[in-house]
Amino acid sequence: MFFNPIAIVVAALSTFLVGFIWYNPKVFGTIWMNESGMTDEKAKQGNMLKIFGLTLIYSLLISFMMPQFVIHQVGALQVVNGDETNQAFIEFMKTVSDNHRSFGHGALHGFMLGLLFILPIVSINGLFEQKSWKYMLVTGGYWVVSLTIIGAIICGWK
């Protein structure tokens, strides 16, 4: 009912577009390379098929889980154990319908998830890895922006 496979794939692919822009040398790419210790030579040694293939898989997993965070009606369905024929659920959906199913609402929840959940995780890892605040903010910022866009796509695209 709330699963849109096309939206899941598009949302996952959006992480590539955000990364292409975010990690461009004219945006944050040079800062990230300096702070992470990455060099052009080291980057060229990476297995691009593995890196981009696994990135796509992980982005699909993130996008697949995003409805749990950005679509309120999913919670109502969970309360009735996924039984869409449950009378209470049917009545609830008649009242609620598609309330809060918008790109803006999804973006808000995606942003909150990125800022209040993912950025702290990236920062905790960065602290123990003794990375700089610049590194943590660039890496965490990428995820805040990506999750904002993923949330917008998942929630708004019915």
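In this text the structure is predicted, and so the values were computed from the model without any measurement.

Trainee: An account of the overall build of the chain is requested, with residue identities and associated values reported.
Mentor: A tally of regular secondary structure across the chain gives nine helices and zero strands. For the chain, the N- to C-terminal ordering of α and β elements is α-α-α-α-α-α-α-α-α. When its C-alpha atoms are laid out on the principal axes, the chain stretches across 60 × 30 × 25 Å. With the model as given, the accessible surface of the chain reaches about 9700 Å², and the carbon-plus-sulfur share is 69%. Side-chain charges of the chain comprise 9 positive and 8 negative groups, with the mean position of each set lying 9 Å from the other.

Trainee: Summarise the packing of helix α1 (residues 5-22) against helix α9 (residues 133-156); cite the residues concerned and give the values.
Mentor: It is at 9 Å that the axes of α1 and α9 come closest, and there the two elements cross at 150°. Here α1 lies roughly antiparallel to α9, going by the angle between them. Along this stretch, α1 crosses α9, giving a crossing that reads as right-handed. Residues A7, I8, V10, A11, S14, T15, V18, G19 and W22 of α1 form the contact with α9, whose participating residues are V138, G141, Y142, V145, S146, I149, I150, I153 and I154. For the contact of α1 with α9, a count of residues per class yields 13 nonpolar, five polar and no charged.

Trainee: So what about a nonpolar patch on the surface? Which residues, and what values?
Mentor: Among the surface-exposed residues, L108, F111, M112, L115 and L116 lie close enough to one another that they form a single nonpolar patch of about 450 Å² accessible area. Following the sequence through the fold, L115 ends up in helix α8 (residues 103-128).

Trainee: Could you give me a rundown of the nonpolar core, with the residues and numbers involved?
Mentor: Counting 21 residues, the largest nonpolar core has F2, M66, I71, F89 and I154 as the members making the most contacts within it. Every element with two or more residues in this core is listed here: α1, α6 (72-79), α7 (87-96), α8 and α9. Sort the elements by how many residues they give to this core and α9 lands first, with five residues.

Trainee: Which residues make up the packing of aromatic side chains, and what values do they have?
Mentor: This structure, assessed with the given rule, holds five aromatic pairs. Here W22 and F28 contribute two aromatic rings whose centre-to-centre distance is 4.5 Å and whose plane-to-plane angle is 45°, an arrangement assigned as tilted. The buried category is assigned to W22, whose relative accessible area is 15%. On the numbers, 4.9 Å between centres and 75° between planes, the contact of Y142 with W143 is edge-to-face. A relative accessible area of 22% places W143 in the partly exposed class. Ring-pair connections join several aromatic residues into one group, and the members of that group are Y23, W32, Y142 and W143. Its end group placed over the ring of Y135, K131 keeps NZ or CZ at 5.2 Å from the ring centre.

Trainee: Please provide a residue-by-residue account of unusual backbone geometry, values included.
Mentor: Glycine aside, the phi torsion of most residues is negative, and most peptide linkages are trans. Not every positive phi belongs to a glycine, and H100 is a case in point at roughly 65°. Backbone geometry at Q130 places phi at a positive 60°, although glycine is not the residue there. For Q130, the location among the structural elements is in the loop between α8 and α9.

Cut-offs used in this document
- Residues numbered from 1 in each chain as written.
- Predicted model: local features only at pLDDT ≥ 70, side-chain atom pairs only at ≥ 80, totals over all residues.
- Heavy atoms only, no water.
- Helix = DSSP H or I, 4+ residues; strand = E, 2+ residues; numbered from the N terminus.
- Areas by Shrake-Rupley, 256 points an atom, 1.4 Å probe, with all protein chains shown as cover.
- Lys, Arg positive; Asp, Glu negative; His and termini not counted.
- Charge placed at Lys NZ, Arg CZ, Asp CG, Glu CD.
- Axes fitted to C-alpha atoms, helices over the stretch in contact; angles between N-to-C directions.
- Parallel < 35°, antiparallel > 145°, perpendicular 65-115°, else oblique.
- Left-handed = near helix turned anticlockwise from the far one by under 90°.
- Contact = heavy atoms within 4.5 Å.
- Nonpolar A, V, L, I, M, F, W, Y, C, P; charged D, E, K, R; others polar.
- Patch = residues over 30% accessible without salt bridge, like charges linked within 9 Å, V, L, I, M, F, W, Y side chains within 5 Å.
- Salt bridge = Lys/Arg side-chain N within 4 Å of Asp/Glu carboxyl O.
- Core = buried A, V, L, I, M, F, W, Y, C linked by side-chain atoms within 4.5 Å.
- Buried < 20%, exposed > 50% of the residue type's maximum accessible area, 1.4 Å probe, protein only.
- Phe/Tyr/Trp six-rings, centres within 6.5 Å; stacked < 30°, edge-to-face > 60°.
- Lys NZ or Arg CZ within 6 Å of the ring centre and 35° of its normal.

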